[in-house]
Amino acid sequence: MPDTNDRDIAVLGAGMHQWGKWGRNFVEYGLVAARAALADAGVDHRDVGYIAGADTIRNGYPGFVSGATFAQALGWSGARISSSYAACASGAQAIANARAQILAGLTDVALVVGADAAPKGFFQPVGGERRDDPDWLRFHLLGATNPIYFALYARRRMALHGATLDDFAAVKVKNAKHGLNNPYARYRKEVSAEEVAASAVVSDPLRLLDICATSDGGAALVLTSMEYARRHGIADPVRVRALSTVTPTFPKTVLDLPDFATDSAVAVEPPPRTFRSAIAHAAYEEAGIGPADLSFAEVYDLSTALELDWYEDIGLCETGGAEDLLRSGATTLGGRVPVNPSGGLSCFGEAIPAQAIAQICELTWQLRGRAEGRQVDDALAGIAVNQGLFGHGSAIIATR
Amino acid sequence: MAEWFTAEDGAVRLVGSRCDTCGTPYFPRNTLACRNPQCASPKDGSELAEYLFSTRGRIWSYADARYKPPPPYVSSDPFEPYVVAAVELEVEQMVILGQVVRGFTVDDLAVGMPVELALGVLYEDEEAEHTVWMWRPVDA
């Protein structure tokens, strides 16, 4: 694979606050993560030229303007700043902003921070009665919670590709094992297929242990120009090679939260790639590498079944091949291309604005060979992907 | 949400809009502008006319809710699980979500099963019985 690109940026520092239900303010999680990333990079926060915050909608104004909130918590330093909200891709949008500033030569060092304090149970629309808001309406008129959508995808896999409940359980068993030694994971406990099968059905065919929890958590990165990294004495840093935040292409023919309906394909043929695969494809194009070059992947396992969809969407196998790939052990640590070596959302839960940043923390630690207890052998390239509401999603490729 | 569907004489139809120029139908109703980027319409909303959807399709996928969802869903007390189906309409070449009429469970359904539009009671309060479109399995 080509080993350099004039759009590369360096990941000098990665940091997290352990995920869980801590009952504290999101600012604290973000500050802990930011301090950890700065310490990891050996950078004083006063040298940061740009602070990119990934927003949370559940914490009032400080959450809506998280860039400023984290900047204040760190101590106002006069840095340039941004705040980004893009549901599950919020962290990636913040990284994208930081990357653009670095590549434009406007700053050498950027700090990206995301943190959340998510409520227990089902996510629900923000308060108030809003009869023109599709996210409010899908709850009111359909009772279509997020797990309903996950279960629709799961059932479709069963009908089309012969996925079984045992396959879904095997994803949980795998990810739980991966996360056992991850100090930042919320759940660090082995799970058996029997335990998955014995857990309550939330939305048939998915059970409680098939669906990721909501969490508190924080993650941060220190990103720099390649030139700054070299001046800083790091000749061969982990680098971000590609960052895709592409939208779907009309007509989008797969239901996405909070859709009532897909686009119609009456006037235009569906695009060659679905939204999720388009996100990954754009990143591969930009990085100049393909799925065969990947050492591992971090994918957005909102449900166990959804992880199988991602195998196909990021090109680890052909459509319909995910069950065989899983059963072969290829996606388990020690296999050809481990998926979610961090333990994934299965072990972390959702702390929405932090998640895409946390994925890049894991990519960084893996590519440095420092992911103790969950290290992918000879990790050279990794991809991280997610999908959020209303057509937001991201794919990021990092290499060493 | 009376403007989303009609149920005159028991005939339930989803009400959306359709682009006069390219023929793309929209549900829920789109009044802003045709969203087909290849469409040459003026894209100022004048190209969008009211459209009544076809009433039969096949199940794309389905799922149920075993736990009480949060508001703004209005749950019965005690909570009764409900089923949601995503249904592919052949005419419009699109998938539309709806609850499945009460009395059916996921065990009664299958991907590809034909369904038709029906009227169902979403919830009742002191003011009224609030109805919504639902999908009902039918013989092929």
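Residues numbered from 1 in each chain as written. Chains lettered and ligands numbered in written order. Predicted model: local features only at pLDDT ≥ 70, side-chain atom pairs only at ≥ 80, totals over all residues. Heavy atoms only, no water.

All right, on to a negative patch on the surface then. A cluster of acidic residues, B:E124, B:D125, B:E126, B:E127 and B:E129, forms a negative patch on the protein surface. Looking at where B:D125 falls in the secondary structure, it is placed in the loop between β8 (114–124) and β9 (129–137). (Patch = residues over 30% accessible without salt bridge, like charges linked within 9 Å, V, L, I, M, F, W, Y side chains within 5 Å. Areas by Shrake-Rupley, 256 points an atom, 1.4 Å probe, with all protein chains shown as cover. Salt bridge = Lys/Arg side-chain N within 4 Å of Asp/Glu carboxyl O. Lys, Arg positive; Asp, Glu negative; His and termini not counted. Charge placed at Lys NZ, Arg CZ, Asp CG, Glu CD. Helix = DSSP H or I, 4+ residues; strand = E, 2+ residues; numbered from the N terminus.)

Model confidence for chain B is summarised by a mean pLDDT of 95, while 99% of its residues fall at 70 or above. Both scores are given for the predicted complex: the pTM is 0.97, the ipTM 0.97. (pLDDT = per-residue confidence, 0-100.)

With that out of the way, let us pick up the interface of chain A and chain B. Contacts between the two partners involve 39 residues from chain A, matched on the other side by 46 residues from chain B. Where chain A abuts chain B, roughly 3700 Å² becomes buried across the two surfaces, and 68% of that area is made up of carbon and sulfur atoms. The largest share of the area that chain A buries against chain B comes from A:L141, A:L142 and A:R156, three residues that together contribute 17% of it. The tally of links between chain A and chain B comes to 1 salt bridge. Ionic pairing is found between A:D204 and B:R66, a salt bridge with its closest N-O pair at 3.3 Å. Summed over the shared surface of chain A and chain B, the number is 14 residue pairs in polar contact (both at pLDDT 80 or more). Listed by contribution, the elements that provide at least two residues to the side of chain A that touches chain B are α5 (134–142), α6 (146–161) and β5 (201–203) of chain A. Sorting elements by how many residues they give to the side of chain A that touches chain B places α6(A) first, with 8 residues. Classifying every residue of the side of chain A that touches chain B gives 26 nonpolar, 7 polar and 6 charged. (Contact = heavy atoms within 4.5 Å. Buried area = accessible area lost by both parts, 1.4 Å probe. Polar contact = N/O pair within 3.5 Å; in protein donor to acceptor, adjacent residues only side chain to side chain. Nonpolar A, V, L, I, M, F, W, Y, C, P; charged D, E, K, R; others polar.)

All right, on to the side chain of A:R374 then. As for its placement among the helices and strands, A:R374 is situated in the loop between α14 (352–368) and β10 (381–387). Contact partners of A:R374, with chain neighbours within four places excluded, come to A:H178, A:N181, A:N182, A:P183, A:L333, A:P341, A:S342, A:E362, A:W365 and A:Q366.

Sheets are built from strands paired through backbone hydrogen bonds, the pairs being either parallel or antiparallel. Residues and elements named next belong to chain A. Strand order in the open sheet formed by 9 strands is β3-β2-β4-β7-β1-β8-β11-β10-β9, and the pairing between neighbours is mixed. Sheet topology places β3 (80–84) and β9 (296–298) at the edges, where each strand pairs with a single neighbour. Recorded for the sheet is a direction-independent mean angle of 25° between the axes of neighbouring strands. Sheet analysis places strand β4 (residues 109–117) next to strand β7 (residues 216–224), joined by 9 bridges and oriented antiparallel. Directly across from A117, in β7, lies its bridge partner D216. Taken strand by strand, helix α4 (residues 90–103) contacts β1 (9–20), β2 (50–54), β3, β4, β7, β8 (238–244) and β11 (393–399), and its axis lies near 165° from that of β2. (Pairing = 2+ DSSP bridges. Axes fitted to C-alpha atoms, helices over the stretch in contact; angles between N-to-C directions.)

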